[in-house]
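# Residue-level structural notes
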Amino acid sequence: MFIGHFAPAFIAAAVSPKSPRLGTLFVAAQLVDWGFFALALIGVERLKVDPAASVMVPLDLYHMPYTHSLIGAGLWALACLAVVAGWQRSLFAGLLAGLVVLSHWGLDWLVHVPDLTIDGEPPKLGLGLWNFPLIAMPLELLLTGGAFAFYVRRTRGPIGPPLVLLAVMLLLQAVNWFGPHPETAGPFLYLQALLAFAILTALAAWVGENRWFQKRGGLAFGEV
């Protein structure tokens, strides 16, 4: 799961004029992966390249208790909730951001082979759709496309920025699916992933600055 993680961000950004901006929610959507790759850089969480790990993703994510355990993801969600609620002075906005963070674990559970945990210890969990590309690929595109359509329909503003964002998302997803697989795990791989998140977050922030929530009946409200 890559761009599919941003589906909850699109939905959350469009449910209320009190929602956090789209850029903030894009950070929330991938917050645990930001944490994972940052921790991998310093050797706290670990992965290795293993072509036998799954059909679609040749990575053995064998040690990630602080980001991809359910309890760990919950703590990241609570931290995000507190920061966003305090920053925007809105518990509602904080709750939305926290739920977007927590959605990451649930979406990962759908596609990961068993490498997720509840508390960092076995049993390892994961439905394993990465072994079924003909299910995993359409599912990710449908999640992302449906959420994107919901966001565009519920907000007002120029359509150009959202379409640019969607195009870059699809391009990066195509590279993720069909580009050459890494030969080894290391800083280049981790920084590459963080750069992809940063590019999409910057574009989402640009989109969020140019669209406004649309209430039923056609009245538009500026995002807060």
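Everything that follows concerns the structure shown earlier in this document.
Cut-offs applied
Residues numbered from 1 in each chain as written. Predicted model: local features only at pLDDT ≥ 70, side-chain atom pairs only at ≥ 80, totals over all residues. Heavy atoms only, no water. Helix = DSSP H or I, 4+ residues; strand = E, 2+ residues; numbered from the N terminus. Patch = residues over 30% accessible without salt bridge, like charges linked within 9 Å, V, L, I, M, F, W, Y side chains within 5 Å. Areas by Shrake-Rupley, 256 points an atom, 1.4 Å probe, with all protein chains shown as cover. Salt bridge = Lys/Arg side-chain N within 4 Å of Asp/Glu carboxyl O. Buried < 20%, exposed > 50% of the residue type's maximum accessible area, 1.4 Å probe, protein only. Contact = heavy atoms within 4.5 Å.

## Things to note about unusual backbone geometry
Here the residue pair Pro122 and Pro123 is connected by a cis peptide bond, since its omega of 10° sits within 30 degrees of zero. Tracing the backbone through its elements, the reader meets Pro123 in the loop between helix 5 (91–111) and helix 6 (133–154).

## Digging into a nonpolar patch on the surface
The grouping of Leu70, Ile71, Leu75, Leu78, Leu102 and Ile118 at the surface amounts to a nonpolar patch, some 520 Å² of accessible area in total. With four residues, the single largest contributor to the nonpolar patch is helix 4 (residues 70–88). Taking relative accessible area as the criterion, Leu70 reaches 32% and is therefore assigned partly exposed.

## Concerning the environment of Ala14
With respect to the helices and strands, the residue Ala14 is situated in helix 1 (residues 7–14). Using a relative accessible area of 0% as the deciding quantity, one classes Ala14 as buried. The spacing of Ala14 and Phe148 is 134 residues in sequence and 9.7 Å in space, taken between C-alpha atoms. Once residues lying within four places of it in the same chain are set aside, the contact partners of Ala14 are Phe150, Tyr151, Arg154 and Phe213.

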